[in-house]
Amino acid sequence: MAKIMNNKSWDDLAADYDKSVEDNQSPLVINYLKEEIEILKNLCEKHSRLNKNFSVIDMGAGTGRVVFALDEKLRDDSIDFLGIENSDLMLKYANQKNKLRSGFSKTSFLKHDLTDTNLSQNFDLKNANVVMCTYNTLGVVPSDKRQSFIDNMKIIAGKNGMVILTMFNGDDFGFVAPKMYHSMIPMIKKIDDDSFDEENRVFHNSLGFRSQWFTKNEINSLLDSTLDPLPINVIIGDTPKTFGNVFVHNVA
Ligand SMILES: C[S@@+](CC[C@H](N)C(=O)[O-])C[C@H]1O[C@@H](n2cnc3c(N)ncnc32)[C@H](O)[C@@H]1O
């Protein structure tokens, strides 16, 4: 039986995480991440035209990819950047990278379980934060904890805040998932004959890695939203294909 992913398992993946994500050499992943960060940057800029002194909070920050990229692109001293993680090793790598950056002092990382129903008590709540969660992280959260994860995002965002979820495109799982995971071998380590469960839109392997993919409608229902997401398109051959979606929910 497949192992359930827990904190220990993410610790096991931490050393190879960057090889599969931000340092991945596949043009597909490079273009996907570039497009995603551009969309996130534009959303933060739009938010900062209406709100001042807010925090950008990344839920499941891994080794800090999104926090660092947005800090470097936005270069706005009035914004604090905070990454939340519960894997000690992911946090260790994120903090090591943070120390090596010069001139950026507004980025920090904290250890919390994002599904904890009392999570918001740990935050100095501002009323217009941008709370994001990227790279299909919601898909690794156990199904009975997903709604509290989303509720935490909304509470921490505050009454004028913005919640952003970047998810792989579950409406095209059969095409997109093999392309994504074949390029992420350093981290996932193994693809088995039955790794792609198209019926349930789940990628899993015999080492215990499991990630659920969702349709647009499923995410909108969790967010209680009806807005169309912003597509993350990647060119395959000459054709743009939607590999992920950025869902935006304004709390107000
Ligand atoms: C797919 S990685 C995403 C990393 C990063 N956001 C990125 O886009 O590169 C998912 C991360 O979420 C973290 N995570 C999963 N469940 C969590 C939870 N309940 N509380 C805190 N972090 C969690 C894992 O440790 C892992 O680092």
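Let us look at the structure shown here. All figures in this text were calculated on a predicted structure; none of them were measured in a lab.

## Topic: the site of the ligand
Here is step 1 of the chain: Around the ligand, a shell composed of 19 residues is seen, among which Tyr17, Gly60, Arg65, Glu85 and Thr134 lie nearest.
Here is step 2 of the chain: The separation between an oxygen atom of the ligand and a polar side-chain atom of glutamate 85 is 2.4 Å.
Here is step 3 of the chain: Interatomic distance of 2.7 Å between a side-chain N/O atom of threonine 134 and an oxygen atom of the ligand.
Here is step 4 of the chain: A total of 600 Å² of accessible area belongs to the ligand in isolation, and the protein chains cover 95% of it.
Here is step 5 of the chain: Residue classes in the shell around the ligand are distributed as seven nonpolar, eight polar and four charged.

## Focus: the pattern of salt bridges
Here is step 1 of the chain: Under the definition given, this model contains 13 salt bridges.
Here is step 2 of the chain: Residue glutamate 22 is joined to lysine 97 by a salt bridge in which the shortest nitrogen-to-oxygen separation is 3.2 Å. With glutamate 22 in the loop between α1 (7-20) and α2 (27-50) and lysine 97 in helix α4 (residues 88-100), this pair connects stretches of sequence that are 75 residues apart.
Here is step 3 of the chain: Judged by relative accessible area, glutamate 22 falls into the partly exposed class, the value being 34%.

## Points about the packing of α2 against helix α3 (residues 65-74)
Here is step 1 of the chain: In the contact formed by α2 and α3, the axes pass within 10 Å of each other and the chain directions differ by 60°. Relative to α3, the element α2 lies oblique. Helix-helix and strand crossings are classified by hand; for α2 and α3 the assignment is right-handed. On α3, the residues touching Leu33, Glu36, Ile37, Glu38, Leu40, Lys41, Cys44 and Glu45 of α2 are Arg65, Val66, Ala69, Leu70, Lys73 and Leu74.
Here is step 2 of the chain: Counted by class, the contact of α2 with α3 contains eight nonpolar, no polar and six charged residues.

## Notes on the sheet that holds strand β6 (residues 196-197)
Here is step 1 of the chain: Read across the open sheet, the three strands follow the order β6-β7-β8; overall the sheet is antiparallel. Of all the strands in the sheet, the pair left with one neighbour each is β6 and β8 (210-212).
Here is step 2 of the chain: Summarising the sheet, strand β7 (residues 202-204) and β8 pair through three bridges and their orientation is antiparallel. Its bridge partner being in β8, phenylalanine 203 is matched across the sheet by serine 211.

How each quantity is defined
Note on numbering: residues in each chain are counted from 1, in written sequence order. pLDDT decides what is reported in this predicted model: residues at 70 or higher carry local features, side-chain atom pairs at 80 or more are listed and counted, and totals for whole chains, interfaces and linings draw on all residues regardless. As a rule here, side-chain values come from all non-hydrogen atoms in the structure, and water together with hydrogens is ignored. Near residues are defined by distance, with any heavy atom within 4 Å of the molecule or strand qualifying the residue. Here a polar contact means two N or O atoms within 3.5 Å. Within protein one must be a hydrogen donor candidate and the other an acceptor candidate, and residues neighboring in sequence count only if both atoms are side-chain atoms. Only the protein chains shown count as cover for residues, and the accessible areas themselves come from Shrake-Rupley with a 1.4 Å probe. Under the scheme applied, nonpolar residues are Ala, Val, Leu, Ile, Met, Phe, Trp, Tyr, Cys and Pro; charged residues are Asp, Glu, Lys and Arg; polar residues are all the others, including Gly. Salt bridge criterion: a side-chain nitrogen from Lys or Arg within 4 Å of a carboxyl oxygen from Asp or Glu. Counting from the N terminus, the helices are the DSSP runs of H or I reaching at least four residues and the strands are the DSSP runs of E reaching at least two. Each residue is assigned to one of three classes by its accessible area relative to the maximum for its type, calculated with a 1.4 Å probe on protein chains only: buried under 20%, partly exposed between the two thresholds, exposed over 50%. Each axis is a line fitted through C-alpha atoms, and for a helix only the stretch in contact is used; angles between axes span 0 to 180 degrees, taken between their N-to-C directions. Working definition: roughly parallel below 35 degrees, roughly antiparallel above 145 degrees, roughly perpendicular at 65 to 115 degrees, and oblique for all remaining angles. Crossing handedness is defined as follows: a turn of the near helix away from the far one that is anticlockwise and smaller than a right angle gives a left-handed crossing, while the clockwise case is right-handed. Should any heavy atoms of two residues lie within 4.5 Å, those residues are counted as being in contact. Strand pairing is assigned whenever DSSP detects at least two bridges linking the two strands.

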